[in-house]
Amino acid sequence: MSMQGFDHGNRGIGVRDHQLILPSVVCSTRVSNRIAKETGAITFAHQHGCGIIGNDVGGITEFFAALANHPNVGSTLIVGLGCETLQGNELAEILLAKNRSTNYLVTQESGGVQGTVNSGVKAAQELRNKYQTFAAPLSRLHLGIDLSSENSNLSEVVATLTEVGVAVTVSNSHKNSGLNFSELMEAGVHVILSFPDESQPASGFPLIPTINVASKSALHTALSGDFDLVSDATVEAIVAKIYSVFNGELTKVEAIGAGEIIANREVRSV
Amino acid sequence: MSEVLKAFERSDGRWGLRNHVLVLPLHSALSATARKIADDSLGAVAVSHDWSGEVDGDFDRIVKTFSGFAANPNNYATLFITIGTPNELGIIELAKTLGLSKFEVLNVAELGSMGKVYEVGLALANSLVKQARLASRVNAPWSAIKLGQECGGSDALSGITANPALGVASDRLVDLGASSVLGETTEILGAEHLLAARAITPEIGSQIIETVARYERSINYEGIDMRGAQPSRGNIEGGLTTLEEKSLGAAKKAGNAMFSGVLEYADQVSSPGLYFMDTPGHDIEQLTGYGAAGINIVVFTTGRGTPTGSAIIPTIKVATNTTMADAIPDLIDLNAGTIADGLNMLADVGSDLFDLILAVANGGETKAEKGLHHEFSLSRMYNTVIR
């Protein structure tokens, strides 16, 4: 069995062909958003990149590098402001060492907001390759599981997938799906199967299709419209949904463009 | 120009300089829907954030931030989106005690899906925007103005041009009976003794000193010497050499008025006078805290240039140097670099800035507002690894 994949060179095989407009600092999120809207790329708001000290400088840089190098990404345009702690050109250098389909822009050197949007749209279009789809064998695919709450079908789902060669990484370090998602992103998973905590709604990660499985909690029952799978979904139904999403079916949170990035921080902002 | 202030009077006697309809998601997973409602509406605004209901060391600070932001007098109404947990509903209750009078609550658990929230939310937001447009400004006292001072991307001219010009404008506003707030504890480090000497009582002076000392202790506790991370790389490229130099320039924003008090992050600014608030230097965490404090207009001086703004607070950008103001004009509302160019006197630029603050308070749009820069960041004191 094989799935529709995209050969993203050194980033690996993706199950989506995203272009990422990555604001390297909170101050660039609006400019990034305008570029992404014009080019059909993905971007997200976050609050990092400046006023960070200590281990957070390296930590956030590595986190952003992992995002930009994710296998579901075909190309990345980094948008910086200029005076921030985390310098866009240094991030770009780290990425360019691996992936040539990376570029960066700095608002303070690009004539302001409109100038950066204009150059950004042009740069993004130049970066965008038409990647050929190809039949990706299951053995090249990687599923992440956010185990914020337990599910009785888990071990059987994992066994079924690993038997056919799908790599599986489970994250249950946090009760917070958002932090588990970030760990799974850094592990390079293609799709996330999320079992959110009973008190948490369905959620997702911008670059990685996220399948939400409900629990029997009152909240999840009330929010049934937002979950891809009901609490008593069978092993077969769960595995079938995973294959279908590998193959291009949009998950519910993916379809509405939801997904906030939650990055670990060690120290308060200065 | 005429010195008449016209603003929106709220039912509790506070004054709004804007009449926004704010769509506020009380859980990170609701942010995308909130953004979509605002984007598709007739003019509502929204913010996004990364809080998913964690109850940790930062819980009280986050609750205070959301409730204050919701209750900011620049909001005509706030449309909350919630999954309905007691902690989220508690934020709404607290906002009511801070003066929030007009609001709607969309409970996702009652509506059943984000799709339904979007549909109902868009209709509600549009109805509120239409109501907001019917409200008119009336003559307001100077105490209606609650000014927040901010600087970001400072350079060697900040302390000579834009910051002292803001000081001139701030002093005049304080004389007239407005409130004015200096923040950024990071950026008064090394200048605290000068500010403390201007406190109206010795106790307030001690509080200023202690707030800075407490801040430095908390950073040292992490095993990091903040003096190695400040001034930032951008500041150094802009010509600043030491944190003390940066601080002495940053403190100029507060002019020469006496300090009437010290406020914790996001404490309500409820009386006229000049205050110091303990905020991070991080531009957006500071701006968000100002919004939560009920501050309704901000002057933001910048040497390197920054486009950022708030969903609900008009943010006036003042350039410290003409080179930058000319290179990136769509970010800058006023160029104070003309002082260093020898073209204008400090007092004249300060007076121009006062006039601009009044014009913006009366409804004139800032560059950040025109560009729809609606940044929002929660300020946290503790690490997120334990969440």
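Here the structure is a predicted model, which means the values were calculated and not measured.

(A) Representation of the interface of chain A and chain B within the structure. Contacts between the two partners involve 48 residues from chain A, matched on the other side by 58 residues from chain B. Taken over both partners, the interface formed by chain A and chain B buries close to 4,500 Å², and the fraction arising from carbon and sulfur atoms is 55%. For chain A, the biggest contributors to the area lost against chain B are A:Q47, A:R268 and A:V270; these three give 18% of the whole. For the interface between chain A and chain B, the tally reads two salt bridges. Close ionic contact of B:R35 with A:E260 constitutes a salt bridge, the shortest N to O distance being 3.3 Å. Counting across the interface, chain A meets chain B through 18 residue pairs in polar contact (both at pLDDT 80 or more). Only α1 (29-39), α4 (112-127) and α7 (218-222) of chain A provide two or more residues apiece to the side of chain A that touches chain B. Considered class by class, the residues forming the side of chain A that touches chain B number 20 nonpolar, 20 polar and eight charged.

(B) Region of interest: the pairing of strand β10 (residues 259-263) of chain B. All names here are of chain B. Here β10 lies mainly inside the structure; four of its five residues are buried. As paired strands, β10 and strand β11 (residues 273-277) are joined by four bridges and run parallel to one another. Along β11, the bridge assignment pairs G261 with Y275.

(C) Quick peek at the layout of surface pockets. In this model, the second largest pocket occupies a volume close to 390 Å³. As for the second largest pocket, its lining consists of 31 residues, and the residues nearest its centre are A:C50, A:G51, A:C83, A:T85 and B:S232. For the lining of the second largest pocket, the secondary structure elements donating two or more residues are β8 (146-152) and α9 (233-237) of chain B. Residue contributions to the lining of the second largest pocket peak at three residues, all from α9(B). Split by residue class, the lining of the second largest pocket holds 14 nonpolar, 12 polar and five charged.

(D) A look at the domain arrangement of chain B. Residues and elements named next belong to chain B. Taken as a whole, chain B is organised into domain 1 (20-134) and domain 2 (142-370). Using C-alpha coordinates to define each centre, domain 1 is positioned 29 Å away from domain 2. Taken together, the 15 residues of domain 1 in the interface contact 18 residues of domain 2. Taken together, the two surfaces of domain 1 and domain 2 that pack against each other cover about 1,300 Å², and 59% of this comes from carbon and sulfur. On the domain 1 side of the interface with domain 2, the three residues burying the most area are K64, F69 and N74, jointly 38% of the side's total. The tally of links between domain 1 and domain 2 comes to one salt bridge.

(E) Examining the environment of B:N163 more closely. Residues and elements named next belong to chain B. Relative to the helices and strands, N163 resides in helix α6 (residues 162-176). Each C-alpha atom, one on N163 and one on A46, is 30 Å from the other, the two residues being 117 residues apart in sequence. The residues contacting N163, other than those within four sequence positions of it, are C151, S158, G249, A250, K252, K253 and T301. Polar side-chain contacts of N163 include one of 2.9 Å to the backbone oxygen of G249.

(F) Structural view of the sheet that holds strand β12 (residues 297-302) of chain B. Residues and elements named next belong to chain B. Taken together, the seven strands give an open sheet; going across it, the order is β10-β11-β9-β8-β12-β13-β14, and neighbouring strands pair in parallel fashion. The outermost strands of the open sheet, each flanked by one partner alone, are β10 and β14 (334-335). Judged from the two bridges that link them, strand β13 (residues 315-319) and β14 form a sheet pairing that is parallel. Across the sheet, V318 pairs through a bridge with L334, a residue of β14. Of the strands in this sheet, β8, β9 (179-182), β11, β12 and β13 are in contact with helix α11 (residues 283-292), which crosses β8 at around 175°.

(G) Quick look at the sheet that holds strand β4 (residues 73-80) of chain A. Residues and elements named next belong to chain A. With respect to topology, three strands assemble into an open sheet ordered β3-β4-β5, the strand pairing being parallel. With partners counted over all chains shown, the strands left at the sheet margins are β3 (18-23) and β5 (102-106), one partner each. Adjacent strand axes in the sheet meet at a mean angle of 20°, parallel and antiparallel pairs treated alike. Pairing between β3 and β4: six bridges, direction parallel. Bridge pairing in β4 links L22 to I78. Helix-sheet contacts for helix α3 (residues 88-96) involve β3, β4 and β5, and the interaxial angle to β5 is about 175°.

(H) Highlighting the side chain of A:S148. Residue and element names in this part refer to chain A. Within the secondary structure layout, S148 lies in the loop between β7 (142-147) and α5 (154-163). Since its relative accessible area comes to 2%, S148 is described here as buried. A polar side-chain atom of S148 sits 2.7 Å from a polar atom in the side chain of D146. The residues touching S148, leaving out its near neighbours within four places in the chain, are H174, K175, N176, S177, N180, F195, P196 and D197.

(I) Main features of the pattern of salt bridges. All names here are of chain B. The tally for this structure, following the rule as stated, stands at 20 salt bridges over all chains. Between K116 and E119 there is a salt bridge; the shortest N-O distance is 3.5 Å. In this pair, K116 and E119 both sit in helix α5 (residues 114-134), three residues apart, roughly one turn of the helix. Relative accessible area serves as the criterion here: at 36%, K116 is assigned to the partly exposed category. A salt bridge links E184 to K253; its shortest N-O distance comes to 3.3 Å. In this pair, E184 is assigned in the loop between β9 and α7 (192-196) and K253 in the loop between α10 (243-250) and β10, connecting sequence segments 69 residues apart.

(J) Structural detail: the packing of α5(A) against helix α8 (residues 235-246) of chain A. All names here are of chain A. Between α5 and α8, the shortest axis-to-axis distance is 10 Å and the interhelical angle comes to 50°. The orientation of α5 with respect to α8, classified from their angle, is oblique. At the point where α5 passes α8, the crossing takes the right-handed sense. When α5 is examined against α8, the residues E156, V157, T160 and L161 are found in contact with a partner set consisting of V235, I238, V239, I242 and Y243. Of the residues in the contact of α5 with α8, the class split is seven nonpolar, one polar and one charged.

Rules of the game
Residues numbered from 1 in each chain as written. Chains lettered and ligands numbered in written order. Predicted model: local features only at pLDDT ≥ 70, side-chain atom pairs only at ≥ 80, totals over all residues. Heavy atoms only, no water. Contact = heavy atoms within 4.5 Å. Buried area = accessible area lost by both parts, 1.4 Å probe. Salt bridge = Lys/Arg side-chain N within 4 Å of Asp/Glu carboxyl O. Polar contact = N/O pair within 3.5 Å; in protein donor to acceptor, adjacent residues only side chain to side chain. Helix = DSSP H or I, 4+ residues; strand = E, 2+ residues; numbered from the N terminus. Nonpolar A, V, L, I, M, F, W, Y, C, P; charged D, E, K, R; others polar. Buried < 20%, exposed > 50% of the residue type's maximum accessible area, 1.4 Å probe, protein only. Pairing = 2+ DSSP bridges. 1 Å grid on protein atoms, 1.4 Å probe; cavity = no way out; pocket = protein on both sides within 12 Å on 5 of 7 lines; lining within 4 Å. Points joined across faces, edges and corners; volume = space filled by probe spheres on them. Domains from an automatic or database assignment. Axes fitted to C-alpha atoms, helices over the stretch in contact; angles between N-to-C directions. Parallel < 35°, antiparallel > 145°, perpendicular 65-115°, else oblique. Left-handed = near helix turned anticlockwise from the far one by under 90°.

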